[in-house]
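# Structural characterization, general
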Amino acid sequence: LMEWTANIENLKKNPVYDYNLSVKAKKILQKNNLKVNSLTCDFFMQKPLFKKKNKDYCIKVLKKVITNSQSFGIKYFIIPLVDNSSIKNLIQENVLIYEMLKISKLLKKKSMILFEIDFPPKKVLKFIKKFNIKFGINYDTGNSASLNYNFDEEKNYFKFVKNIHIKDREKNG
């Protein structure tokens, strides 16, 4: 089991972007008994949807990635809302919610969009409750450690956690 990442750099050479490459990748995965369960959409962090100049590009890429990659079993599409794509205000949050709810219609029955988000724990819970069952949380131990969040508070939203990134990161690092 592995997780793929889609960056802007070399995106057109990534099997999740190019349908012909996805067909080849599917054969290689089957031959080697590998499964890709999740995809981190780092292009979203590199060109955040809620920044006006990036919106059309980001939506187009996300739609294409979701459509191409579900065919070989990717269940979770992780949208990073950290660092360069951190939500800074209510307008950005509302744009994101509106666009993600529209895009979620492309998801197959067992697929979900997961947010890796840097909100404080109580705000994460309020945020994720604005979505339907096609959405969840990707919990990242490194982000939480870096932001010095209290795990006992984070546990309050763990019923929405569907995927976990385990890594180490220094406080404020």
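See the structure shown above.
A short tour of the structure in this document, coming up. Remember, it's a predicted structure, so these values are computed and weren't measured experimentally.

Rules and cut-offs
- Residues numbered from 1 in each chain as written.
- Predicted model: local features only at pLDDT ≥ 70, side-chain atom pairs only at ≥ 80, totals over all residues.
- Heavy atoms only, no water.
- Helix = DSSP H or I, 4+ residues; strand = E, 2+ residues; numbered from the N terminus.
- Buried < 20%, exposed > 50% of the residue type's maximum accessible area, 1.4 Å probe, protein only.
- Contact = heavy atoms within 4.5 Å.
- Phe/Tyr/Trp six-rings, centres within 6.5 Å; stacked < 30°, edge-to-face > 60°.

### Let's talk about the environment of Thr5
Take Thr5: it is sitting in strand 1 (residues 2–5). On the basis of relative accessibility, which here comes to 36%, the residue Thr5 falls in the partly exposed class. Counting along the chain gives 34 residues from Thr5 to Leu39, while the straight-line C-alpha distance between them is 5.5 Å. With sequence-adjacent residues up to four places away left out, Thr5 is seen in contact with Asn14, Leu39, Thr40 and Asp42.

### Notes on the packing of aromatic side chains
Counted under the stated rule, the structure contains ten aromatic pairs. Seen from their ring centres, Phe119 and Phe127 are 5.5 Å apart, and the 85 degrees between their planes marks the pair as edge-to-face. In this pair, the class of Phe119 matches that of Phe127, namely buried. A centroid spacing of 4.6 Å and a plane angle of 40 degrees characterise the contact between Phe131 and Phe135, whose relative ring orientation is tilted. The class for Phe131 is buried, based on a relative accessible area of 11%. Residue classification places Phe135 among the buried positions, given a relative accessible area of 4%. Members of the aromatic cluster, each reached through a chain of ring pairs, are Phe115, Phe119, Phe127, Phe131 and Phe135.

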